[in-house]
Number of protein chains: 2
Amino acid sequence: MWSFRKVANRIDDNRTAQAGQSPVIGLDDVLSAANAIRGIAVRTPLLENRPLNERMGRRVFIKFEGAQHTGSFKFRGAMNRLSRLNDQERAAGVVAWSSGNHAQGVAAAARMLDMPATIVMPADAPAIKMANTRALGAEIIPYDRRTQSREEIATALAKERGAVLVPSFDDPFIIAGQGTVGLEILQQATELGGRLEQVIVPCGGGGLIAGTATAIKGTCPDIQLFSAEPQAFDDTARSLVSGTREQVPPDAASICDALLAPSPGALTFPINHGLLTAGLAVSDDEVRSAMRFAFNTLKIVAEPGGSVALAALLSGKLPAGTGDVAVVISGANVDPDVFADIIRAEDPS
Amino acid sequence: MWSFRKVANRIDDNRTAQAGQSPVIGLDDVLSAANAIRGIAVRTPLLENRPLNERMGRRVFIKFEGAQHTGSFKFRGAMNRLSRLNDQERAAGVVAWSSGNHAQGVAAAARMLDMPATIVMPADAPAIKMANTRALGAEIIPYDRRTQSREEIATALAKERGAVLVPSFDDPFIIAGQGTVGLEILQQATELGGRLEQVIVPCGGGGLIAGTATAIKGTCPDIQLFSAEPQAFDDTARSLVSGTREQVPPDAASICDALLAPSPGALTFPINHGLLTAGLAVSDDEVRSAMRFAFNTLKIVAEPGGSVALAALLSGKLPAGTGDVAVVISGANVDPDVFADIIRAEDPS
């Protein structure tokens, strides 16, 4: 289990003054995560597509996390976190809250490690997400999202059972686990003869991009990292400018259900503030258009939140560059009806 | 250019008596094709999915040719064929007929080699397929499929222009090019620690499976090869039993638009007869169910004809085995409306 002591040690550590090192985790934590999940997590493909290269006038690599266990990158961090628990902690199990990808990632990791997992989910969560999480062996505790607090329920439950609470992004092991995406991008782009200049990563709470940036900047400090967010949830983009953790207005809405975090994470933001070049934001229509491009041209399934980095690239939000670009498609868990409506529609002219 | 002399030489060749060698092409032809298309064709990913492994009780590898240029394996054979033309032949260009994947594969290969390509397409072909082929720089000659013969039009055109006719499967270089799928499966399954026992490949005219079987049996003679076809177009399955090239009834219909060849090829069938264990056939409903599985679980796009091998596996048509299985998803060019209708529907209970 990580502790504030570990974080404090890191902040005092000389290494934090070096390029690419962050106060919360470092490249060595991502390398350790890669060891922990090797042969367990999927080494997802890095795809290249000629029409996309021609459209952008440069090589573009697509890191497809839809091919990860449970259809999103979330398994990486969950497995790294859970694999660090001792026997006593394993017996007591884990508790998490999530209505989507983190729920499935934790449930799958717990199942592989033969640990009990309890997920606090809204009673009105999509039946398919509840069914998938339950099929992975997790116990589901429903709550009423209008009258109850999932944090309070989960915290009380964890205390009562002696179980470990598994946050969806604000945890060093979670961040380091997601960072294995960055290590694989570097390795696979090199195998393909690429010369990366820029990397775009979807951003909700900021765990995936914090880990990915730690891995990439710790290895190749000249590569630029960009977060991609829905326009209505551009808290990381604004926070990178202001230097403080900005909030999303309570009435904000987006089709990107995986990216609705209300503000950058307490642990993820310092990392991202130190390592990212800028934050990009895209409209829901740009997301739909990117999902159609993924279907029609890349021939892969991408969920709305998983498509924001591709949307940022296709809509011309990325600053001009001449080197190669890597784009993370972070998840592919999308309802067939939603997907059908989107691929049937046409781009606004 | 291949000639009947080359084929005749092969038939006389001692190597044809060896296991895994076929009279039309041999493993060396596939290796030569791999050299010809290296760095030009995509080395498509070999995917593995835990729920699929659990459902089948064994490791299953998915060779995803939707990630190939133009969204199907057809580019491999087309590029191998076109790259063998001499300067004079290149200047005169190529002619092909096809309403779908072969058209795009030939057009893309010709464009990369800076050669003129003319594709004879039915006037009522889907607008999107015509547009894609034209966008690749090919000239399209429309014909009326009720009153005109595409073979006659294409042959006359090729003669008039001194252009080379590029068949969609009955050509040694086309077959050898498609066989690079088999080489990659062997390499990638080995990288993943797999021990292949069975391989299932979609089959229309039989070029893809003939090349794939040549590559695989020529390397690992104990691996079993199975063709997969739509039930209404099970000519290869029946021909493997009878030993002669059986015909499809003229009124046959299937949603698998890529697999509507009326009989096994003159060159492909002898190869397949020598190398395949058996032919499997699936219903259109089993194909739709496999497409939904690809969407919901594998998170990839598969067209109907590209899904028959997966459908054969999921519907329990493959003879029982204990080793690993590889399944080729051969293409992903499917109309959004068709795909939307299929993913919205549910499996028949």
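Refer to the preceding data block for the structure.
Residues numbered from 1 in each chain as written. Chains lettered and ligands numbered in written order. Predicted model: local features only at pLDDT ≥ 70, side-chain atom pairs only at ≥ 80, totals over all residues. Heavy atoms only, no water.

(A) Structural view of the relation of the copies chain A and chain B. Note on the identical chains: chain A maps onto chain B by a rotation of 180 degrees and an axial translation of 0.0 Å, with an RMSD of 0.0 Å. Put plainly, the chains are arranged around a two-fold axis. (Least-squares fit on C-alpha atoms with pLDDT ≥ 70 in both.)

(B) Quick look at the sheet that holds strand β4 (residues 117-122) of chain B. Residue and element names in this part refer to chain B. The sheet built from four strands is open, its strands ordered β5-β4-β3-β6 with parallel pairing. With one partner strand each, in any of the chains shown, β5 (139-143) and β6 (164-165) form the two edges of the open sheet. Where β4 lies against β5, five bridges are found, and the strand directions are parallel. Opposite P122, over in β5, you have Y143 as the bridge partner. Relative to strand β3 (residues 94-97), helix α6 (residues 101-112) is tilted by about 165 degrees, and along the sheet it contacts β3 and β4. (Pairing = 2+ DSSP bridges. Helix = DSSP H or I, 4+ residues; strand = E, 2+ residues; numbered from the N terminus. Contact = heavy atoms within 4.5 Å. Axes fitted to C-alpha atoms, helices over the stretch in contact; angles between N-to-C directions.)

(C) Here's a closer look at the packing of aromatic side chains. For the structure on display, the rule yields five aromatic pairs over all chains. Geometrically, the ring pair formed by F339 of chain A and F339 of chain B is edge-to-face, given 6.4 Å between the ring centres and 65 degrees between the ring planes. Residue F339 of chain A is located in helix α16 (residues 336-344), and its partner F339 of chain B is located in helix α16 (residues 336-344); the two belong to separate chains. On the numbers, 6.1 Å between centres and 75 degrees between planes, the contact of F295 of chain B with F339 of chain B is edge-to-face. (Phe/Tyr/Trp six-rings, centres within 6.5 Å; stacked < 30°, edge-to-face > 60°.)

(D) Up close: unusual backbone geometry. For K299 of chain A, which is not glycine, the phi torsion reads 65 degrees and is therefore positive. Looking at the secondary structure, you find K299 of chain A in the loop between α14 (284-298) and α15 (308-314). In this structure, T70 of chain B is a non-glycine residue whose phi angle is positive, near 65 degrees.

(E) How the structure looks around the packing of helix α4 (residues 74-82) of chain B against α6 of chain B. Residues and elements named next belong to chain B. One can describe the packing of α4 onto α6 by two numbers: an axis separation of 8 Å at closest approach and a directional angle of 45 degrees. Compared by their axis directions, α4 and α6 come out oblique. In this structure, α4 meets α6 at a crossing whose hand is right-handed. Each of K74, F75, A78, M79 and L82 in α4 lies in contact with α6, whose residues at this interface are N101, H102, G105, V106, A108, A109, A110 and M112. Of the residues that constitute the contact of α4 with α6, the class distribution is nine nonpolar, three polar and one charged. (Parallel < 35°, antiparallel > 145°, perpendicular 65-115°, else oblique. Left-handed = near helix turned anticlockwise from the far one by under 90°. Nonpolar A, V, L, I, M, F, W, Y, C, P; charged D, E, K, R; others polar.)

(F) Representation of the pattern of salt bridges within the structure. In this structure the tally under the stated criterion is 36 salt bridges over all chains. Note that R344 of chain B is salt-bridged to D341 of chain A, the shortest N-O span being 2.6 Å. With one member in each of two chains, R344 of chain B in helix α16 and D341 of chain A in helix α16 form a pair that bridges those chains. When its relative accessible area of 32% is taken as the criterion, R344 of chain B is described as partly exposed. The exposure class of D341 of chain A is partly exposed, given its relative accessible area of 47%. Across the salt bridge formed by R58 of chain B and E197 of chain B, the nearest N and O atoms sit 3.2 Å from each other. One end of the pair, R58 of chain B, is in the loop between α3 (50-56) and β2 (60-64); the other, E197 of chain B, is in strand β7 (residues 196-202), with 139 residues separating them in the sequence. One connected set of salt bridges, linked through shared partners, spans K63, E65, R76 and E184 of chain A. (Salt bridge = Lys/Arg side-chain N within 4 Å of Asp/Glu carboxyl O. Buried < 20%, exposed > 50% of the residue type's maximum accessible area, 1.4 Å probe, protein only.)

(G) Up close: the interface of chain A and chain B. Contact with chain A, which involves 26 residues of that partner, is made by 26 residues of chain B. Counting the surface lost from both chain A and chain B, the interface buries some 2300 Å², and carbon and sulfur atoms represent 59% of this. Summed over the three residues of chain A that lose the most area to chain B, namely F295, K299 and R344 of chain A, the buried surface amounts to 29% of that side. Viewed at the interface, chain B and chain A are joined by six salt bridges. We note a salt bridge from E54 of chain B to R111 of chain A, for which the minimum N-O separation is 3.3 Å. Remark: the boundary between chain A and chain B carries 12 residue pairs in polar contact (both at pLDDT 80 or more). (Buried area = accessible area lost by both parts, 1.4 Å probe. Polar contact = N/O pair within 3.5 Å; in protein donor to acceptor, adjacent residues only side chain to side chain.)

(H) Main features of the environment of F169 of chain B. Residue and element names in this part refer to chain B. By the element assignment, F169 lies in the loop between β6 and α9 (172-178). With 36 residues separating them along the chain, F169 and G205 place their C-alpha atoms 6.1 Å apart. If near-sequence neighbours (up to four positions away) are discounted, F169 is found in contact with I174, I175, G205, G207, A261, G265 and T268.

(I) A look at the environment of A215 of chain B. Residue and element names in this part refer to chain B. Along the chain, the position of A215 falls in helix α11 (residues 207-219). For A215, a relative accessible area of 0% gives the class buried. A215 sits 184 residues away from L31 along the chain, and the two C-alpha atoms are 8.1 Å apart. Filtering out sequence-adjacent residues up to four positions away, A215 remains in contact with L27, V30, G179, G182, L183 and L186.

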